[in-house]
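Observations on the three-dimensional arrangement
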Amino acid sequence: MANQTARIRVKLRGYDSIVVDKSAKSIIETAVSTGAKVAGPIPLPTKRRQIAVNRSPFIYKSSIEHFEINTHKRVIDIIDPTPKTIDALQHLQMPAGVDIGIE
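Computed from a predicted model, the values in this text were never measured in an experiment.

Considerations on a nonpolar patch on the surface
On the surface, Ile51, Val53 and Phe67 cluster together into a nonpolar patch covering about 240 Å² of accessible area. With respect to the element layout, Val53 can be found in strand E2 (residues 37-54).

Quick look at the structure:
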């Protein structure tokens with residue numbers, strides 16, 4: 001049988017890359033201070049969503065305004081977490097605008 005180690009995967013998503021990076025840094029500092037090993041943050045490809053909207057529905061129908069929304073993603077693997085690590089991650093305050101998924 002292969003040696004299986006406990007692992008927690010944290011996925012971060014947000015529209016502002018600076019806020020996502022700060023959140024990743026605080027998660028890493030918390031995990032390292034409680035005695036766990038950390039791999040990451042691994043930047044995943046940025047998802048770009050582009051939207052075109054008419055400026056006016058009547059006279060200036062051919063004038064179109066373009067918008068773009070970028071979704072930035074990061075993955076952090078916490079290897080061999082201790083109970084203290086899990087407790088510290090549950091009580092960690094994250095800024096608004098960052099979506100966190102834990103596996």
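So, helix H1 (residues 17-33)
The end-to-end C-alpha separation of H1 is 24 Å, in line with the 24 Å expected for 17 residues at 1.5 Å each. Listing the buried residues of H1 in full gives Val20, Ser23, Ala24, Ile27, Ile28, Thr30 and Ala31. The arc that holds every buried residue of H1, seen down its axis, measures 165°, which confines them to one face. Exposed residues on H1 whose side chains face more than 90 degrees from its buried face are Ile18, Lys22, Lys25 and Ser33. Considering only its buried residues, H1 is in contact with strand E1 (7-14), E2, strand E3 (64-79), helix H2 (83-90) and strand E4 (98-102). A positive phi of about 95° marks Gly35, the residue just after H1.

What counts, and at which threshold
Residues numbered from 1 in each chain as written. Predicted model: local features only at pLDDT ≥ 70, side-chain atom pairs only at ≥ 80, totals over all residues. Heavy atoms only, no water. Patch = residues over 30% accessible without salt bridge, like charges linked within 9 Å, V, L, I, M, F, W, Y side chains within 5 Å. Areas by Shrake-Rupley, 256 points an atom, 1.4 Å probe, with all protein chains shown as cover. Salt bridge = Lys/Arg side-chain N within 4 Å of Asp/Glu carboxyl O. Helix = DSSP H or I, 4+ residues; strand = E, 2+ residues; numbered from the N terminus. Expected span 1.5 Å × (residues − 1). Buried < 20%, exposed > 50% of the residue type's maximum accessible area, 1.4 Å probe, protein only. Arc of directions from axis to C-beta. Contact = heavy atoms within 4.5 Å.

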